[in-house]
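Summary of structural features
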Amino acid sequence: MIQEHEPETVRETACGTVLDAEPAGTADGTETEPEATRRDSGAAESSRANRGWWDRNADDYQIEHGTFLGDDRFVWCPEGLDEVEAGLLGPQESLRGLDILEIGAGAAQCSRWLAAQGARPVALDLSHRQLQHALRIGEGRSLGFPLVEADAGALPFRDGSFDLACSAYGAIPFVADPAAVFREVRRVLRPGGRWVFSVTHPVRWAFPDEPGPEGLSVAASYFDRTPYVEQDEEGRAVYVEHHRTVGDRVRDVVGAGFRLIDLVEPEWPAWNTQEWGGWSPLRGNLIPGTAIFVCVRD
C-alpha cells in the first residue's frame, strides 16, 4: 500500500500489506510477473483489476495476516491500533443499537467486533472471495450480520440508512475517485453520522516500499499523483493503487460535505515487533505509516 515497490510485489489492504503478486498467465500456460509502472487508470479499470487481485489473493492474505487481525478485532492499521483503545468511532458503549456500514470489510473482522458491541453492522466488500472468508470465520457463531458484495463508489443502500461508516484500509486507496465514494458515504449516513477511514499515510509515497534502511530515503515526488499500476503483458491492469496528498484527502472530505474533526497518525508501539510489507519498527519509529481521518456528516 505504499509507493515504489518492485514488480514482484504488490500492495494491499484491510490493514495494509505487501504480498507476492499473483503471476499472470500467458497463452502457452507459462507464468510471468506483472510489470509495475505509473500510469493513469480510471474508475472502471481500477475496480476490475482490484476485484480480480483480491479474489486471487484473499486466501494468502488471510493465512498470512489472519492471526494479527483476529477473527473479531477492530484493528485500524499495521501499527496495531485497536478500536478498543482508540475509540475513534465514539465511546464503546455508544455503539450499541447503531446501524454501521463497514466499507472494504475483507473477512469482516471489524464488523464482527462491532456486532459483539451490540451494533448492527453491514460488511461490504468488492471481493467475493474475501466475503467467503467472512462466511468461513463466522460459521457457527451467533453474531450474524449482512455481507454485501458491491463497489464502494455505488453503495446499494437508501439515503440515510446508517448511523456510522468505517473503513480500515478498505477501498479508499484503490479507487480512482475517492471524492465520489465520500459523497456516497455521506448519502447513506444520517445527519450527525461519523465516517472514519484509515489509509496509508500519503508521505509514504515518496519513499521506497521497503521495511529496512532502504525505505528511509526519498525516491519519488510526494506530489506525483500518477497511479501505481501492475499490468500483464498486454497492458491490462491487474492491480491499481491511487495516491492523494494530505491536502487532497482533506479537500475530498470537506468537498463531499463532511467536517474533519481529527486526523490520527498512529505511532509505532514498542510491543509491535513485526514487519508487514513496508511497515516495520525501524520505519514506524521515524516516519508515519498510517493516516486515520475522523469525519462527521453535519
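Residues numbered from 1 in each chain as written. Predicted model: local features only at pLDDT ≥ 70, side-chain atom pairs only at ≥ 80, totals over all residues. Heavy atoms only, no water.

1. Things to note about the layout of surface pockets
Approximately 370 Å³ is the volume attributed to the largest pocket. In this structure, the largest pocket is lined by 26 residues; those nearest its centre are L126, D151, A171, F174 and V175. Among the secondary structure elements, those contributing two or more residues to the lining of the largest pocket are α1 (43-69), β7 (120-125) and α5 (178-188). Among the elements that line the lining of the largest pocket, the one with the most residues is α1, at five residues. (1 Å grid on protein atoms, 1.4 Å probe; cavity = no way out; pocket = protein on both sides within 12 Å on 5 of 7 lines; lining within 4 Å. Points joined across faces, edges and corners; volume = space filled by probe spheres on them. Helix = DSSP H or I, 4+ residues; strand = E, 2+ residues; numbered from the N terminus.)

2. Considerations on the pairing of strand β11 (residues 228-231)
Neither face of β11 is left uncovered, since the one carrying Y228 and E230 and the one carrying V229 and Q231 both have all their residues buried. Looking at chain direction, strand β5 (residues 35-38) and β11 are connected through four bridges and run antiparallel. Across the sheet, R38 pairs through a bridge with Y228, a residue of β11. Of the strand pairs in this sheet, β11 and strand β12 (residues 237-241) are connected by four bridges, and their pairing is antiparallel. (Buried < 20%, exposed > 50% of the residue type's maximum accessible area, 1.4 Å probe, protein only. Pairing = 2+ DSSP bridges.)

3. Side note on helix α6 (residues 246-255)
Every buried residue of α6 is accounted for by D248, R249, D252 and V253. Buried residues of α6 fall within an arc of 130 degrees about the axis and therefore sit on the same side. Exposed and oriented more than 90 degrees from the buried face of α6 are R251 and G255. Where α6 is buried, its residues touch α5, β10 (189-200), β13 (258-264) and β14 (290-297). Remark: G257 follows α6 within two positions and exhibits a positive phi of approximately 100 degrees. (Arc of directions from axis to C-beta. Contact = heavy atoms within 4.5 Å.)

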